[in-house]
Amino acid sequence: KSLDEYLEFDSNILFENKNHIVCIFGGAIRDIFANQPINDVDILCGSIAFIYLNNILLNNGYVYIDDLVSKHLSKMYQEIAIINEPKTYMKGDKKIQLIRPVIEECIQNFDHNTVNDNLYRAGFCDLISNVDLSCCGLSYDGELHENYPNAIIHAENKLFSINLYWHLCT
């Protein structure tokens, strides 16, 4: 309910196409468990799902913001090769970012007719499991997932631990 209120549309539409890998993760899900207002929504998606989500957002009044990320920050995304530069959409004070992970094995072995779905899903799980704060290790793809140990308890109690692996990588 909190997610739908923030988005101003039924979030179930994001997950309707079962051929697309889409999940909301991080701070928005944490904020729901912590009974805090949602600041923004990060949606992890594949390249094909990106087009689908772009259309949903535009059809629901969101506007794509092209130059929100500085050139310096954009270069950082290229260098760390964990996620592609996020694409930001705004509607009033509401912000949604579509984030596409860099999954090297998928890029190296890419077949235009088939994408290794299991490999792609594993890359999603790996990315969400290694979030910077333990309380952000939650994701929602129509079902709730705890991708980091004790993430729900940490979110509910407004506690966290810092994932040092994430900070060493970035």
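Further up the page is the structure itself.
**Q** So what's going on with the sheet that holds strand E7 (residues 144-146)? Which residues, and what values?
**A** One open sheet accounts for seven strands, arranged E3-E4-E5-E2-E1-E6-E7; its pairing is mixed. Across the chains shown, the open sheet's two edge strands, defined by having one partner strand only, are strand E3 (63-65) and E7. Going from strand to strand, the sheet's axes swing by 30 degrees on average, the running direction of each strand aside. In terms of strand pairing, strand E2 (residues 41-45) meets strand E5 (residues 94-99) through four bridges, oriented parallel. Paired with valine 41 across the bridge in E5 is isoleucine 96.

**Q** Would you mind going over helix H3 (residues 47-59) in detail, with residue names and values included?
**A** With 13 residues, H3 extends 19 Å between its outermost C-alpha atoms, agreeing within 8% with the 18 Å of an ideal straight helix rising 1.5 Å per residue. Listed in full, the buried residues belonging to H3 are Ala49, Phe50, Leu53, Asn54, Ile56 and Leu57. Angularly, the buried residues of H3 cover 165 degrees about the axis, an arc narrow enough to put them on a single face. H3 presents Ile48, Ile51 and Asn59 as exposed residues on the side facing more than 90 degrees away from its buried surface. Here the buried face of H3 lies against strand E1 (22-25), E2, strand E4 (87-91) and E5. In the stretch just after H3, glycine 61 is the one whose phi turns positive, near 90 degrees.

What counts, and where the lines are drawn
- Going along each chain's sequence as written, the residues are numbered from 1 onward.
- pLDDT decides what is reported in this predicted model: residues at 70 or higher carry local features, side-chain atom pairs at 80 or more are listed and counted, and totals for whole chains, interfaces and linings draw on all residues regardless.
- Only hydrogens and water are removed before side-chain values are computed, so all heavy atoms of the structure are retained for them.
- Two strands are said to pair when DSSP picks up at least two bridges between them.
- For helices the rule is a DSSP run of H or I covering at least 4 residues; for strands it is a run of E covering at least 2, with both sets numbered from the N terminus onward.
- Only the contacting stretch of a helix is used when fitting its axis, a line to C-alpha atoms as for every element, and angles between N-to-C directions run 0 to 180 degrees.
- What a helix should span is 1.5 Å times the count of its residues minus one.
- Exposed residues in this analysis have more than 50% of their type's maximum accessible area, buried residues have under 20%, and partly exposed residues fall in between, with area computed by a 1.4 Å probe over protein chains only.
- Throughout, the arc means the angular range of directions from the helix axis out to the C-beta atoms.
- Residue contacts are counted whenever heavy atoms from the two residues lie within 4.5 Å of one another.

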